[in-house]
Amino acid sequence: MALCLGQVFSKDKTFRPRKRFEPGTQRFELYKRAQASLKSGLDLRKVVQLPDGENINDWIAVHVVDFFNRINLIYGTVSEFCTEKSCPIMSGGPRYEYRWQDGDQYKKPTKLPALIYMNLLMNWIESLINNEDIFPTRVGVPFPKNFQQVCKKILSRLFRVFVHVYIHHFDMICSMGAEAHINTCYKHYYYFISEFSLIDHSELEPLKEMTEKICN
């Protein structure tokens, strides 16, 4: 029997602790506004549009953190089935393989099991989100000039989580009754990156058929 979404996507299954916005800040208010729009049943294409009078970098920052939280939750749900034995390489089927490189511990693109790749990826994103020089939270502190480039890199790598989950663990997602949830999350992500041209569409090729099926 399929489980309800509340059971499947519970907080204790989050792969990484949720990043939260500080109450009373502009970003917290934007986050609440975005969440209210999502719950209102509005067309997701409209939900992702920049509200009048708002700063685009604030809007992107709110969504990058939100997608980090949501995709963490999705992967956390299947992570116990994503082992070094079942997924010895971080991939999206036989055609797409993702190698890890961070310029620090892994200076060259390196083949890794999906679970290790995911751990490194989430640690890397978390370190960026928590870096005040990149994601400033203090009033009056500007975003760095390369902020959108950093976000493009984060969103591009988060897309790989969707690829792996859809291609290698979608049967498990369906058996949990969570297909509609992950599809909605992906649609939200896809419309957002499309609205602001945050990913080269050639990078979305691994999920081209899925995208055409659920986003058009």
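Residues numbered from 1 in each chain as written. Predicted model: local features only at pLDDT ≥ 70, side-chain atom pairs only at ≥ 80, totals over all residues. Heavy atoms only, no water.

1. So, the packing of aromatic side chains
Applying the stated criterion across every chain yields a total of 17 aromatic pairs. Grouped by ring-pair contacts, the aromatic residues F67, F159, F162, Y166, F170, Y186, Y189, Y190, Y191, F192 and F196 constitute a single cluster. A cation sits over an aromatic face here: R157 above W100, 4.3 Å from the ring centre. (Phe/Tyr/Trp six-rings, centres within 6.5 Å; stacked < 30°, edge-to-face > 60°. Lys NZ or Arg CZ within 6 Å of the ring centre and 35° of its normal.)

2. With respect to the UniProt feature "binding site: Zn(2+)" (unreviewed entry) in the chain
Mapped onto this numbering, the UniProt entry gives "binding site: Zn(2+)" (unreviewed entry) at C82, C87, H164 and H169. Annotated residues spanning 88 residues; largest pairwise C-alpha distance 10.1 Å, indicating a single compact cluster. Structurally, H164 can be placed in helix α6 (residues 147–168). Taking the relative accessible area as the measure of exposure, H164 reaches 0% and is therefore buried. Those residues within four positions of H164 in sequence are excluded, and the remaining contacts are C82, C87, M90, S91, A114, M118 and H169. Side-chain polar atoms of H164 contact the backbone oxygen of S91, separated by 2.9 Å. By the element assignment, H169 lies in the loop between α6 and α7 (170–175). A relative accessible area of 5% means that H169 is categorised as buried. Once residues within four sequence positions are removed from consideration, H169 is found in contact with V78, F81, C82, C87 and H164. A polar atom in the side chain of H169 sits 3.2 Å from the side chain of H164. (UniProt positions renumbered as here; feature names shortened; annotations may be inferred. Helix = DSSP H or I, 4+ residues; strand = E, 2+ residues; numbered from the N terminus. Buried < 20%, exposed > 50% of the residue type's maximum accessible area, 1.4 Å probe, protein only. Contact = heavy atoms within 4.5 Å. Polar contact = N/O pair within 3.5 Å; in protein donor to acceptor, adjacent residues only side chain to side chain.)

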